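Summary of structural features
This is what each chain is made of:
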Amino acid sequence: MARTLLDKVWDAHTVRTLPSGQTQLLIGLHLIHEVTTPQAFQMLKELKLKVRMPARTFGTLDHIIPTADQARPFADPQAEEMAQHMYRNMKEFGLPLFDMASGKQGIVHVIGPELGLSQPGMTIACGDSHTSTHGAVGAIAFGIGTTQVRDVLATQCLAMAKPKLRRVRVEGTLANGVYAKDVILAIINQLGVKGGVGYAYEYAGPVIERMTMEERLTICNMSIEGGARCGYVNPDATTIEYLRGRPYAPQGEAFDRAAAWWKSMATERGAEFDDIARLDGAAIEPVVTWGINPGMSIGVSQRIPSPDAQPEPERPTFREALAHMGFEAGQPIKGAKIDVAFVGSCTNGRLSDLRAAAEVAKKGKVAEGVRALIVPGSQQVAQAAEAEGLHEIFLAAGFQWRKAGCSMCLGMNDDKLQGREMSASSSNRNFIGRQGSPTGRTLLMSPAMVAAAAITGVVTDVREILR
Amino acid sequence: MSTDFKRRHMTGRGIPLPGNDIDTDRIIPARFLKEVTFETMGEHVFEDARKQNPEHPFNSPAYRGASVLVVGQNFGCGSSREHAPQALMRWGIRAIVGGSFAEIFFGNCVMLGIPCLVASQEDLEWLQKAIAKSPQVPVTVDVEKQEVHFGDHAIKASIPDGPRNQLVGGTWDSTAVLLEAGAAIEATAGKLPYVAGF
């Protein structure tokens, strides 16, 4: 019988079936960061256990680090304490840490693929929900909690039930000015924020197949926003060329052997799925969220929907969203005034995202009263962008050019919304309070759309600027 | 494993929290995560939501000391932060009944021995109203029988077999169970070409 990538990866990593009926699944790559691990290391110490496979464990600092001044000690004593714990734990357990001095520091989901650590056919875990990102290279990648981080540190395994599999096919061709971010927001809008519960998503179809690796990373990143346990794209020539020459990818003849194995892990023709969903790529226009979860989105030319047009159980959330955002049903999203523009995050903090934003930034200056931040996803992204002069374009247009970190995606450092500020953001969540202010408001969109909002001061159709 | 770990059934007063898609940022905002332990999490559960809404159930004296949380659809979506179930647990929650749960949140709850059971929309609305009317009446969450009892009334509430077996059998604290595989872990790793270096 034809098998899927999920079947093959699952079988290859199954240690045994547990008495509970779940699978004891080996985790091939464990990525860790400073926020969700100190308690796990403490538990490990209390159990007097070592890290089971230190060679398969890598750490970085991303969530709490400042993006303006990264000199130690950090100005925020709590951030400094978390950093110190990370350094101490990594040293004590003999694990490599990609810190600022390494030149390889960055958001964990940006550096994994960038360094060639994340590879096809692997199981990957990290104490962060956006671990689904790594599925873009053809891995099965799970976000986990801290007690599960302890399990992976101690046993290199997780107790898991195999998810069902839904193939999400995006047909046709995308229009100019429509990006991977618009595609994943359209998918989440169609399938719902809990539509993926119980499923892994396999992204396929001509639009996905033509995408670069960075675009696929954006797609897989937000699988979790659709409720899916993980999401992946089958490894192909794009995957193999992306990995060639990366520091932690196999080199020389070993690379060719690896490439052959990677290709062999792809879903076979004729494989069956628990469900298949389809979208017409040509029908997608630049997408903007208007509400308080990533499924509440519309095309930039559309009007904010009315709660009364929703099924009864959805209406209270729609009303709450309108009240929080200060919007009215029927209002166009285009023209909504913004206070802050943020380009960055594990969703859209890679080089191609910065290029797309710079293309738009060239056409104007940041509007008066708008605070605009560009936060590269990693030190290497920052370096590559600077080599192309992108930082000069941003600075000339009035954007702030920051250092790598999670930043205003979740507001754990100084980069926060103030009061009810409205943010145009290339990040992944528009939850109430997400960007650091309990009353702050977030409009999710592509990096190009964020740049367009930054220079006009309002939500703008980027296609009108690029034309 | 000690019987202390078995989560066959638990009884306590209920607390209804209506609404769908309540995310883990809402349960505990990120600014409270800058801690190297979970100790203070209970103090900040729903902090922003409680400040913005004095009527929030977690502010109500009627529900103080409650341990069975009754929620809507897609509870715990978003961030994987275990700080969210830790905050609920440290506030006093021991079991959750809802329409559906985000999977990482559900898994984190299992790791803490907190059962999350799924009930129908109709039954949830009934249960939330019944608790609001009589908050002193104890609620029993029977994990083994997959039922929730309130007074003389019982509703069906399901939990998948794997986690149910872990909770009922007391094997939810999984490190010991996973360690039992012993050398089979390295044997599985040894067969993977990427571990061997191709």
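No experiment lies behind these values; they were computed from the predicted model shown. (Residues numbered from 1 in each chain as written. Chains lettered and ligands numbered in written order. Predicted model: local features only at pLDDT ≥ 70, side-chain atom pairs only at ≥ 80, totals over all residues.)

Some details on the overall build of chain A
- Along the backbone of chain A there are 17 helices and 19 strands.
- On C-alpha atoms alone, chain A measures out to a radius of gyration of 21 Å, which is about the 23 Å that the 2.2 N^0.38 rule sets for 467 residues.
- In chain A, buried positions account for 63% of the 467 residues.
- Summarising the internal contacts of chain A: among those between residues at least 6 apart in sequence, 77% fall at separations of at least 24. (Helix = DSSP H or I, 4+ residues; strand = E, 2+ residues; numbered from the N terminus. Rg over C-alpha atoms; globule rule 2.2 N^0.38 Å. Buried ≥ 20, exposed ≤ 12 C-beta atoms within 10 Å, placed from the backbone. Contact = placed C-beta atoms within 7 Å.)

So, the interface of chain A and chain B
- Across the boundary between the two partners, chain A contributes 68 residues, which contact 55 residues of chain B.
- No other element matches the seven residues that helix 5 (residues 146-155) of chain A contributes to the side of chain A that touches chain B.
- Per-class residue counts for the side of chain A that touches chain B are 31 nonpolar, 27 polar and 10 charged. (Nonpolar A, V, L, I, M, F, W, Y, C, P; charged D, E, K, R; others polar.)

Quick word on the domain arrangement of chain A
Residues and elements named next belong to chain A.
- With domains assigned, chain A is organised as domain 1 (5-160), domain 2 (164-283) and domain 3 (303-466).
- The gap between the C-alpha centroids of domain 2 and domain 3 is 24 Å.
- Taken residue by residue, the interface counts 13 residues in domain 2 and 15 residues in domain 3.
- Elements with a minimum of two residues in the side of domain 2 that touches domain 3: helix 6 (180-191) and helix 8 (213-221).
- Looking at the side of domain 2 that touches domain 3, the element that brings in the most residues is helix 8, giving four residues. (Domains from an automatic or database assignment.)

Some words on the packing of helix 6 of chain A against helix 8 of chain A
All names here are of chain A.
- The contact between helix 6 and helix 8 brings their axes to 9 Å, and the two run at 25°. With respect to their mutual orientation, helix 6 and helix 8 come out roughly parallel. In this structure, helix 6 meets helix 8 at a crossing whose hand is right-handed. Across the interface between the two elements, Ala180, Lys181, Val183 and Ile184 from helix 6 touch Glu215, Thr218 and Ile219 from helix 8.
- Classifying every residue of the contact of helix 6 with helix 8 gives four nonpolar, one polar and two charged. (Axes fitted to C-alpha atoms, helices over the stretch in contact; angles between N-to-C directions. Parallel < 35°, antiparallel > 145°, perpendicular 65-115°, else oblique. Left-handed = near helix turned anticlockwise from the far one by under 90°.)

Focus on unusual backbone geometry
- In this chain, Arg72 of chain A is followed by Pro73 of chain A through a cis amide linkage whose omega measures -5°.
- Within the element layout of this structure, Pro73 of chain A appears in the loop between strand 4 (57-60) and helix 3 (77-92).
- Backbone geometry at Ser407 of chain A places phi at a positive 55°, although glycine is not the residue there.
- For Ser407 of chain A, the location among the structural elements is in the loop between strand 17 (400-401) and strand 18 (422-425).
- Located in the positive-phi region is Phe46 of chain B, a residue other than glycine, with phi close to 55°.
- Within the fold, Phe46 of chain B resides in the loop between helix 1 (24-27) and helix 2 (47-52).
- Among the residues examined, Phe46 of chain B registers 22 C-beta atoms within 10 Å and is labelled buried.

Quick look at the sheet that holds strand 16 (residues 371-374) of chain A
All names here are of chain A.
- Spatial strand order, 17-16-15-18-19: five strands in an open sheet with parallel pairing. The sheet is open, and its two edges are formed by strand 17 and strand 19 (441-444), each paired on a single side.
- Pairing of strand 15 (residues 340-343) with strand 16, which is carried by four bridges, proceeds in the parallel orientation. Counted as the bridge partner of Phe342 is Leu373 from strand 16.
- Contacting strand 15, strand 16 and strand 18, helix 16 (residues 447-456) runs over the sheet at an angle of about 155° to strand 15. (Pairing = 2+ DSSP bridges.)

Observations regarding the nonpolar core
- Grouped together as the largest cluster of nonpolar side chains are 217 residues, with contacts concentrated most on Ala357, Val450 and Ala454 of chain A.
- Apart from residues lying up to four places away in sequence, Ala454 of chain A is in contact with Ala341, Val366, Ala367, Val370, Ala372, Phe399 and Ala424 of chain A. (Core = buried A, V, L, I, M, F, W, Y, C linked by C-beta atoms within 7 Å.)

Brief notes about helix 5 of chain A
Residue and element names in this part refer to chain A.
- By the criterion of burial, helix 5 is predominantly enclosed, with 10 of the 10 residues buried.
- Those residues of helix 5 not exposed but buried are Thr146, Thr147, Gln148, Val149, Arg150, Asp151, Val152, Leu153, Ala154 and Thr155.
- Immediately beyond the C-terminal end of helix 5, within one or two residues, lies Gln156, with a positive phi of roughly 60°.

Some details on the environment of Cys77 of chain B
Residues and elements named next belong to chain B.
- Looking at where Cys77 falls in the secondary structure, it is placed in the loop between strand 2 (68-70) and helix 3 (83-91).
- Cys77 sits in the buried class, given 31 other C-beta atoms within 10 Å.
- Between the alpha carbons of Cys77 and Asp25 there is a distance of 8.8 Å; along the sequence they are 52 residues apart.

Some words on the pairing of strand 18 of chain A
All names here are of chain A.
- By the alternation rule, side chains of strand 18 split into Met422 and Ala424 and Ser423 and Ser425, which are all buried.
- In this sheet, strand 18 lies alongside strand 15 in parallel orientation, the contact comprising three bridges. Each bridged residue has a counterpart across the sheet, and for Phe342 the counterpart in strand 18 is Ser425.
- Sheet topology places strand 18 next to strand 19; four bridges connect them, and they run parallel. Its bridge partner being in strand 19, Ser423 is matched across the sheet by Thr442.

Observations regarding the confidence of the model for chain B
- Summarising the model, chain B shows a mean pLDDT of 96, and 98% of its residues fall at 70 or more.
- ipTM for the predicted complex: 0.96, alongside a pTM of 0.98. (pLDDT = per-residue confidence, 0-100.)

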